[in-house]
Amino acid sequence: MRIIKNILILTGSAHKNGTSLLLADEFENGAISSGNNVIRHDAAFLNVNGCMGCSYCRNNNGVCMQNDDFNAIKENLIKADVVVFVTPLYYFDMSAQLKTVIDRFHSMSSKLSEKPRGAILISTQASPSDSTSDVLKLHYKTMIDYLKWSNYGMLIAKGVPSREAIIKTNYPDEAKKLGENIK
Ligand SMILES: Cc1cc2nc3c(=O)[nH]c(=O)nc-3n(C[C@H](O)[C@H](O)[C@H](O)COP(=O)(O)O)c2cc1C
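Quick caveat, the model's predicted, so the values are computed rather than measured. (Residues numbered from 1 in each chain as written. Predicted model: local features only at pLDDT ≥ 70, side-chain atom pairs only at ≥ 80, totals over all residues. Heavy atoms only, no water.)

Moving on: the packing of aromatic side chains. Considering all chains together, one arrives at 4 aromatic pairs under this definition. A centroid spacing of 6.4 Å and a plane angle of 20° characterise the contact between F85 and W149, whose relative ring orientation is stacked. In this pair, F85 sits in strand β3 (residues 82–88) while W149 sits in the loop between α6 (134–147) and β5 (150–157), placing the two residues 64 residues apart along the sequence. Among the residues examined, F85 registers a relative accessible area of 1% and is labelled buried. Overall, the relative accessible area of 4% leaves W149 in the buried class. Cluster of aromatic residues (ring-pair linked, three or more members): F85, F105, Y140 and W149. A cation over an aromatic ring shows up here: K16 above the ring of F45, its NZ or CZ 4.4 Å from the ring centre. (Phe/Tyr/Trp six-rings, centres within 6.5 Å; stacked < 30°, edge-to-face > 60°. Helix = DSSP H or I, 4+ residues; strand = E, 2+ residues; numbered from the N terminus. Buried < 20%, exposed > 50% of the residue type's maximum accessible area, 1.4 Å probe, protein only. Lys NZ or Arg CZ within 6 Å of the ring centre and 35° of its normal.)

Here's what the structure looks like:
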């Protein structure tokens, strides 16, 4: 019998009609069509404050002293079997909106390492060059190694500054297939 996977998608763009949220939509459709449970949080439209590094969580059983939209993300992170990070490339790395959410993992880093999870990176960038995303890829790999998660795939969409550009490419199909392949 197949075990249904809980997939959590975290996105980091403020462009509802941009490139990375199109890939998030396609991935989501593919993952749902394969029978997975999919939950998505679009960080740019949430109220998630930056980690204050106050260590309150360290002394209070992982509870963060900030009461904001990270509470809902936290519950879904714990349930997730696969976490999908979707971001536009901003100055060679992920957007601040996504990074702000990831920094808040700090209150639950050990808990997040307790069970095996998969991770996926989906990004979009204006530049056609492979090396433009080197820092992002290294950041992602280093982060999932630290969390003891496994890489289930990376889709780096290059040369796509806008929705008009990306719809002419195969990247939306690739994102959908990546979602469909989670079984
Ligand atoms: C603040 C900012 C920084 C950016 N930095 C880069 C970059 O370092 N390299 C690159 O190729 N594109 C860069 N871009 C272009 C975006 O990555 C690209 O347009 C992407 O498709 C936007 O995704 P979105 O529509 O999902 O927001 C940047 C755009 C912005 C607004």
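With respect to the helices and strands, A157 occurs in strand β5. On the accessibility criterion, A157 (0% relative accessible area) is buried. Taking the C-alpha atoms as reference, A157 lies 8.9 Å from T19; in sequence the two are 138 residues apart. Filtering out sequence-adjacent residues up to four positions away, A157 remains in contact with L23, S123, T124, Q125, I166 and Y171. (Contact = heavy atoms within 4.5 Å.)

Close to the ligand lie 17 residues; S13, H15, T19, S20 and V160 are nearest. In this structure, T19 approaches the ligand through a side-chain N or O atom, which is 2.7 Å from an oxygen atom. At 3.0 Å, a backbone N or O of F92 approaches an oxygen atom of the ligand. Relative to its free-state accessible area of 640 Å², the ligand is covered by the protein chains to the extent of 77%. Among the residues forming the shell around the ligand, the class breakdown is 8 nonpolar, 9 polar and no charged. (Near = heavy atom within 4 Å. Polar contact = N/O pair within 3.5 Å; in protein donor to acceptor, adjacent residues only side chain to side chain. Areas by Shrake-Rupley, 256 points an atom, 1.4 Å probe, with all protein chains shown as cover. Nonpolar A, V, L, I, M, F, W, Y, C, P; charged D, E, K, R; others polar.)

With respect to topology, 5 strands assemble into an open sheet ordered β2-β1-β3-β4-β5, the strand pairing being parallel. In this open sheet, the two edge strands, each paired with only one partner strand, are β2 (37–42) and β5. Averaged over all neighbouring strand pairs, the angle between strand axes comes to 15°, with direction disregarded. Summarising the sheet, strand β1 (residues 6–11) and β3 pair through 5 bridges and their orientation is parallel. Within β3, the position partnered with I7 by the bridge is V82. (Pairing = 2+ DSSP bridges. Axes fitted to C-alpha atoms, helices over the stretch in contact; angles between N-to-C directions.)

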